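In case you want the letters, here they are:
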Amino acid sequence: MHILALVLVLQVADTGQPTTLNPLSLHARSLVHADTTAVPPTATARRLMGVIRLDGTLDEPAWQLAPAVTDLTQRQPDEGKPATQRTEVRFLYDREALYVGARMYDAAGASGVVSRLFRRDGDFESDFLQLNLDTFHDHLGRASFALNPDGVKWDVLSIGGAVPDKSWDPVWDVATTIDSLGWTAELRIPFSQLRFPRDTQQTWGLQIIRSVHRLNELTMWRFFPSTEPGGPAYFGHLEGLTIEGSPAKGEILPYVVARNARLGTADPASPFYLANDVGARVGIDFKYLLTSNLTVTGTVNPDFGQVEVDPAVVNLSAFETYFPEKRPFFVEGSGYFLFGGLSCFFCDGSSMKLLYSRRIGRTPQGAGVAQAGGDFADVPDNATILGAAKVTGRTASGWSVGLLNAVTAREYARVATPDGSQFDTEVEPLSNYFAGRVAKDLLGGDLQVRAMATSVVRDLRDPALAARLARHAEAGGVDLEWWWGGRAHRWTLAAAVSQVAGDSSAMLGVQRSSARYFQRPDRKHGGNGLFTGAYDPGLTAMRGWGVESRLSREAGNWLWEVNAGARSPGFETNDVAFLTRADYTWMSANLVRRRTTPAWLFRDYWLLVGGQQRYNFDGDLVGRQARVTARFTFRNYWAVETFATYQPSIFCDQLTRGGPVVRYPGYAGLYAAVSTDTRKSLSGYLAVQLGANSEGARDRNANATITVRPVTNVSLQLGPSFDHSESTVQYVTAVADPTATAFDGTRYVFSDLTQRTVSMDLRLNVAFTPNLTLDLYMQPLIASGHYSNFKEFDRPRELAKSVYGADIGTISSAGGEYTVDPDGGGPAAPFRLADPDFNFRSLRGNAVLRWEFRPGSTLYFAWTQARSDEESIGTMRLGHDLDALLSAKADHIFLVKLSYWIEL
C-alpha cells in the first residue's frame with residue numbers, strides 16, 4: 001500500500017515535468033492554480049465567412065484572415081526560453097462550432113515529425129497539440145482537446161476544479177496532414193459539446209500546449225514556471241466569440257447487444273446447467289440540456305459488457321478489495337460527486353469519499369444465503385439497474401450541481417434442494433440509490449464550498465435479507481478548499497455525518513464489522529447518545545461523524561503539508577461508499593524539497609521527509625511511520641525513485657478480528673525503482689522492495705513494466721511481478737475455550753505465513769486507424785500460501801506468543817486437519833483446524849475490437865475469458881501450477897454491441 005501511494009504521489013504531486021509528455025500528466029499537475037499579475041495574452045476568434053473543408057490543409061482563405069497565436073515558451077527542456085519550433089494557431093467560428101487551424105513547423109520537415117496510432121485517450125508518445133478551454137472563465141475548470149499528427153484524439157473535462165474526467169468523449173472532428181514543413185491540423189468543436197455562459201459576447205480562458213517528441217520539448221502559450229501550481233488562472237484569453245444561437249438540446253445513444261456465454265465451469269449435475277447461453281438486449285442512454293448549463297444524463301437497461309475485467313487478487317485480510325469504477329455511465333461526470341480527498345504529497349490515510357458507485361448494481365448480497373439453502377443455486381451475477389439518471393452542470397454564477405439517482409431491481413435466485421424440489425428466494429431487495437452535491441465558488445475562485453448528501457433505501461420484505469441489510473442509510477457533509485497568498489497556500493476541510501438503520505440483527509452485523517469491531521471485550525470508549533460508540537445488540541440505528549483537514553504550501557522549491565483526520569466509531573458509509581476503518585484519529589506531516597530546472601546531473605528531483613501516526617478512540621497507538629522518499633530525473637530522461645520507511649511496534653485492535661488488543665511487530669522497508677526514457681521504442685520500469693519485521697519475517701517484491709513499440713501503430717506491454725511475503729501474525733481462527741481467561745474465554749489462533757505470488761499483466765494495443773482499434777489484456781496469476789508455527793498471544797496488549805507443540809500444548813496433523821491441544825492434557829479441550837495451505841491459479845483476459853464508424857457511434861466485438869483453480873499444497877511449483885491452470889475449466893463470453901449516436 002505504501003509503495004503504491006508513493007508512485008501515485010510522485011506522478012501527480014510533482015509539478016516538475018514528467019518523463020512522459022502526456023497531456024493527462026500535465027493536466028493533473030495543473031489542477032490547482034496560482035495568481036499572476038502579468039497581463040494575459042489574447043487570441044481573437046473571427047467569424048467564419050465561407051466554408052471550411054476539414055482536410056488538414058489550411059488552404060481556405062478564411063484561415064489567412066484569422067490572426068495567429070505564435071509565441072510559445074518552453075516548459076521543457078529549457079524552461080523559460082522561446083520555443084525552438086514555430087507554431088501558428090488560428091480560431092474561427094460560426095453559429096454551430098469553433099474551428100481551430102494549427103500549423104506546427106518542424107526544422108527537420110516531415111522526417112522530424114513523430115506520430116503513433118493508438119486508441120483514443122491513450123498515452124501520447126508522439127508529437128501533439130493540446131487546447132485547454134476555460135469556457136466559464138472562472139479560472140477553475142477546463143475542457144481539453146489534444147491530437148497528434150495521425151489525428152488520434154484525446155479529451156478530458158474538468159469543471160469547477162473537479163478531477164479530470166478522462167471518460168468524457170465529446171463528438172468533435174479533426175483532420176491532420178504531414179508535409180515538408182511539419183504538420184497541420186484542423187479541428188471542429190461543436191458548441192453543443194461545450195458548456196458556457198449564455199451571454200452573446202464570450203471570453204474564454206485559453207492555453208495552448210505543443211510537444212515536439214524527438215526533442216522532448218514541451219511549450220506553452222501562457223507560460224508559468226514549474227515552481228508555480230499553474231492551471232486555468234494562468235490561461236490567456238480567447239476573445240471575439242459572438243454566439244447568438246443555442247446549441248443542440250440533447251443526444252440519444254440507443255444500443256443493441258448480442259451475448260453468447262459458454263460456461264465451462266457450469267456443473268452438469270445442476271438442474272440449472274446451461275453451458276451455452278445465448279441472449280440479446282436493447283437499451284438507451286440519453287442526454288438533454290435542461291437549462292443553459294444543466295444537463296440530464298440517463299440510462300435505461302444499461303449495458304456494461306464491454307468494460308475491462310478486474311484483475312485477480314488473493315485477499316487474506318478482513319477487508320474488502322477496492323476495484324475502481326469502469327462503467328461509462330458512472331465514470332462520466334464523476335467529478336461532480338467528489339467529496340473531501342486530502343490530495344497529500346504522501347499519506348496513508350483514507351479519503352472521506354461518500355460515493356462508491358460500484359455499490360450500485362453490485363453482486364446480490366444474499367447470494368451466500370441462497371447457495372447455502374440447497375444443493376444448487378442459480379444466482380444473478382449482478383443486481384439489474386432498472387434505470388439511472390443524473391443532472392450535472394455549472395452555472396455562470398459559480399454553482400456546480402451533481403444529482404444522481406438509480407433504482408436496482410428485486411432479484412431472486414432459483415434454489416434446488418436435495419429432494420429435487422426447487423424454490424425461489426430473494427437475494428437482493430428493490431433499492432434506491434441517491435447522491436447529490438452542490439458547490440459554490442467564492443473570492444474569485446480562491447474559495448470553494450461544497451455540500452453533499454447520499455441515501456440508500458431498501459424495500460426489505462424477506463426476513464433473511466432484513467437480518468443482513470440496513471433498511472436505509474444516509475450520509476451528508478460539507479467541505480471547503482481555500483487558496484491564498486497568490487495561491488501558494490491551501491487549506492482543505494471536510495466534515496460528514498452518517499446514519500444507518502435497520503433491524504437489530506442487521507445493525508449487529510454493522511457493529512461487528514471489520515471497520516470497528518464494537519464487540520472487542522477490552523473496548524473502553526463510547527456511549528450511545530447522538531453518535532454511536534458502544535456495543536449494543538439491540539441497536540436499530542447507528543450514527544457517526546468524520547472529519548479531515550490539510551494545510552499546505554503548494555508553490556516554490558520548498559513545500560510542506562500538515563494533515564489530520566478522524567472517524568468516530570459509529571461512522572459507517574459502506575452502503576453506498578467504501579470504508580475500511582472507523583474509530584481513529586490520524587495526523588501526518590511532510591516536508592518537500594524539489595528542483596524543477598536542469599542542473600549538472602539532474603533535470604529535476606523531489607525529496608520528501610515526513611511521518612504519521614494514528615490512535616483509536618481508546619487512546620491506543622495503532623499506527624506510526626517515519627519515511628524518506630526521493631525521485632531524480634537524469635538528463636537522459638531516466639528516473640530513479642527510492643523510499644524508506646520505519647514503523648515501530650504498535651497496538652493493533654483489528655488483528656484478533658473482534659478480540660482484545662494485541663501488539664503488532666515493528667517493520668522497516670526499502671523500495672527502489674528505475675525507469676527509462678519512454679520516448680524510445682523499448683522502455684521499461686523496474687521496482688524492487690525489501691522489508692522485514694522485528695520478528696524476522698521478510699518481504700521481497702519485484703515488478704517491472706516493459707513497453708515495446710515495434711511499429712507506430714502497435715504497443716505491447718508486459719508487466720511481470722513476483723512477491724514473497726512472510727508474516728508472523730496471520731490470523732487463522734477463533735475457538736471458544738472457557739480456560740482462556742486472559743482472552744475472555746476465546747483462543748485466537750495465529751500462524752506464520754509464507755505467501756508467494758507470480759503474475760504477468762500483458763496488454764497488446766493495435767490501431768488500424770484512429771477509429772479502429774484492437775485491445776487485448778491477459779493476466780495469469782499463481783499464488784501459494786504455507787501456514788506454519790500455529791500459535792497464540794500470551795496476553796493481550798503484548799507481543800509475546802507461544803507456538804503449539806514447541807512452547808505450549810501439542811499439535812498433530814492427519815487427513816488435511818490439524819489437532820491442537822493447547823495445554824497438553826490440561827483442562828483446555830483440544831480443537832481441530834482445517835489445513836489452510838493453498839495454491840490459487842487464475843487466468844483472466846479480454847479482447848475488444850472497437851470501430852467508431854461515425855462520430856459518436858461505435859461497433860464493439862468483445863471476448864472475455866476467466867478460469868481459476870485451487871489446491872491445498874502450500875508451496876509453489878510452477879510447472880505443476882501452470883499445467884493445472886491451463887487444464888482448468890474456463891468461462892467464455894462473446895459480445896457484439898452496436899451503439900448509434902443521434903443529436904437532437
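Residues numbered from 1 in each chain as written. Predicted model: local features only at pLDDT ≥ 70, side-chain atom pairs only at ≥ 80, totals over all residues. Heavy atoms only, no water.

*Asks:* It is not clear to me how the overall build of the protein should be interpreted in this structure. Could you clarify?
*Replies:* For the protein, the count of helices and strands is eight helices and 46 strands. Its C-alpha atoms give the protein a radius of gyration of 29 Å, near enough to 29 Å, the size a compact globule of 904 residues would have. Projected onto its principal axes, the C-alpha coordinates of the protein cover approximately 100 × 65 × 60 Å. A buried classification covers 54% of the 904 residues belonging to the protein. Once local pairs closer than 6 in sequence are excluded, the contacts in the protein between residues at least 24 apart make up 65%. Carbon and sulfur atoms provide 58% of the accessible area of the protein, an area that totals close to 36200 Å². Of the side chains in the protein, 88 bear a positive and 97 a negative charge, and the two mean positions are spaced by 4 Å. (Helix = DSSP H or I, 4+ residues; strand = E, 2+ residues; numbered from the N terminus. Rg over C-alpha atoms; globule rule 2.2 N^0.38 Å. Buried < 20%, exposed > 50% of the residue type's maximum accessible area, 1.4 Å probe, protein only. Contact = heavy atoms within 4.5 Å. Areas by Shrake-Rupley, 256 points an atom, 1.4 Å probe, with all protein chains shown as cover. Lys, Arg positive; Asp, Glu negative; His and termini not counted. Charge placed at Lys NZ, Arg CZ, Asp CG, Glu CD.)

*Asks:* Looking at this structure, how should I read the nonpolar core?
*Replies:* Generally speaking, nonpolar side chains in soluble globular proteins are found buried as a group. Judged by nonpolar contacts, the single largest core of 60 residues is most densely connected at F91, L98, W204, I208 and L238. For L98, the contacting residues outside a window of four places in its chain are F91, L92, Y93, L133, L187, R188, I189, F191, W204 and L241. (Core = buried A, V, L, I, M, F, W, Y, C linked by side-chain atoms within 4.5 Å.)

*Asks:* Please explain a nonpolar patch on the surface as it appears in this structure.
*Replies:* Together, L442, L443, V449, W482, W484, L551, W558, W560, V562, L591, V609 and V628 give the surface a local cluster of nonpolar side chains, amounting to about 1000 Å² of exposed area. The set of elements that each furnish at least two residues to the nonpolar patch consists of strand 23 (472-484) and strand 26 (558-567). Ranked by residue count, the leading element in the nonpolar patch is strand 26, at three residues. With respect to the helices, strands and loops of the structure, V562 is situated in strand 26. Overall, the relative accessible area of 44% leaves V562 in the partly exposed class. (Patch = residues over 30% accessible without salt bridge, like charges linked within 9 Å, V, L, I, M, F, W, Y side chains within 5 Å. Salt bridge = Lys/Arg side-chain N within 4 Å of Asp/Glu carboxyl O.)

*Asks:* I would appreciate a short explanation of the state of the cysteines in the present structure.
*Replies:* In protein chemistry, a disulfide is the covalent bond that joins the sulfur atoms of two cysteines. Summed over all chains, the structure comprises one disulfide. In this model, C344 is linked to C347 through a disulfide, with the two sulfur atoms separated by 1.8 Å. Negative torsions about the S-S bond denote left-handed disulfides, and the value of about -55° found for C344 with C347 makes this one left-handed. Like C344, the residue C347 is buried in the burial classification. (Disulfide = S-S within 2.5 Å.)

*Asks:* Teacher, can you tell me more about helix 8 (residues 878-887) here?
*Replies:* Every α-helix winds through 3.6 residues per turn, so residues three or four apart in the chain are directed the same way. Every buried residue of helix 8 is accounted for by D881, A884 and L885. Here the buried residues of helix 8 occupy an arc of 100° about the axis, which is enough to place them on one side. Facing away from the buried side of helix 8 by over 90 degrees, the exposed positions are D883, L886 and S887. In this structure, the buried residues of helix 8 make contact with strand 38 (772-793), strand 43 (838-854) and strand 44 (857-871). (Arc of directions from axis to C-beta.)

*Asks:* What's the story with the pairing of strand 24 (residues 489-501) in this structure? I'm lost.
*Replies:* Within a regular beta strand, the side chains point alternately toward one face of the sheet and then the other, so they alternate between its two faces. Taken together, the 13 bridges between strand 23 and strand 24 define a ladder with antiparallel strand orientation. Note on strand 24: the bridge partner recorded for G476 is V497. Hairpin connection from strand 23 to strand 24: four residues lie between these consecutive antiparallel strands, with G485 at a positive phi of about 65°. Where strand 24 meets strand 25 (residues 541-553), 13 bridges bridge the pair, whose relative direction is antiparallel. (Pairing = 2+ DSSP bridges.)

*Asks:* Any chance you could explain the environment of M104 here in plain terms?
*Replies:* Summarising the element assignment, M104 is placed in strand 4 (residues 97-105). Separated by 16 residues in sequence, M104 and E88 have C-alpha atoms that sit 6.6 Å apart. Excluding its chain neighbours within four sequence positions, the residues that come into contact with M104 are R86, T87, L129, L181, G182, W183, T184, A185 and R210.

*Asks:* How should I be thinking about unusual backbone geometry in this particular structure?
*Replies:* Trans peptide bonds make up most of the peptide bonds, and negative phi angles are found at most residues other than glycine. The omega torsion across Q76 and P77 is 5°, close enough to zero to call that bond cis. Structurally, P77 can be placed in the loop between strand 2 (73-76) and strand 3 (87-93). A positive phi angle, close to 55°, is found at L58, a residue other than glycine. Following the sequence through the fold, L58 ends up in the loop between strand 1 (42-47) and helix 3 (61-65). Here L58 falls in the buried class, since its relative accessible area comes to 16%. A positive phi angle, close to 60°, is found at R487, a residue other than glycine. Looking at where R487 falls in the secondary structure, it is placed in the loop between strand 23 and strand 24.

*Asks:* For this particular structure, what's the right way to read the confidence of the model for the protein?
*Replies:* Note: predicted coordinates in regions of low pLDDT should not be interpreted at a detailed level. Summary statistics for the protein give a mean pLDDT of 88 and a share of 92% for residues scoring 70 or more. This model gives residues 1-36 a pLDDT under 50, and the stretch forms 126 contacts once residues within four places in sequence are excluded. (pLDDT = per-residue confidence, 0-100.)

*Asks:* Where do I start with the packing of aromatic side chains in this structure?
*Replies:* Any two aromatic rings considered together are summarised by their centre-to-centre distance and by the angle between their planes. Here the structure, examined in full by the defined rule, presents 24 aromatic pairs. A centroid spacing of 5.2 Å and a plane angle of 80° characterise the contact between F118 and F124, whose relative ring orientation is edge-to-face. Just as F118 is buried, F124 falls in that class too. Among the aromatic residues, those joined into a ring-pair cluster are F602, Y605, F632 and F634. When the ring centre of F136 is taken as origin, the NZ or CZ atom of R394, which lies over that ring, is 6.0 Å away. (Phe/Tyr/Trp six-rings, centres within 6.5 Å; stacked < 30°, edge-to-face > 60°. Lys NZ or Arg CZ within 6 Å of the ring centre and 35° of its normal.)

*Asks:* Looking at this model, I keep getting lost on helix 7 (residues 504-511). Mind explaining?
*Replies:* What helix 7 keeps buried is the set A506, M507, V510 and Q511. Buried residues of helix 7, viewed axially, fall in a sector of 145°; they line one side. On the buried face of helix 7, the contacting elements are helix 6 (463-466), strand 24 and strand 25.

*Asks:* What is the right way to read the environment of L290 from this model?
*Replies:* Within the fold, L290 resides in the loop between strand 14 (276-289) and strand 15 (294-300). According to the relative accessible area criterion, L290 is partly exposed, its value standing at 47%. Sequence separation of L290 and S351 is 61 residues, and the distance between their C-alpha atoms is 33 Å. Not counting residues within four places of it along the chain, the set of residues in contact with L290 comprises T295, V296 and V391.

*Asks:* Help me out: how do you make sense of the sheet that holds strand 40 (residues 810-814) in this one?
*Replies:* The strands making up a sheet are joined through hydrogen bonds of the backbone, oriented either antiparallel or parallel. In spatial order, the strands read 40-41-42; together these three strands make up an open sheet with antiparallel pairing. Sheet topology places strand 40 and strand 42 (831-834) at the edges, where each strand pairs with a single neighbour. Pairwise comparison of adjacent strand axes, ignoring direction, gives a mean angle of 25° for this sheet. (Axes fitted to C-alpha atoms, helices over the stretch in contact; angles between N-to-C directions.)

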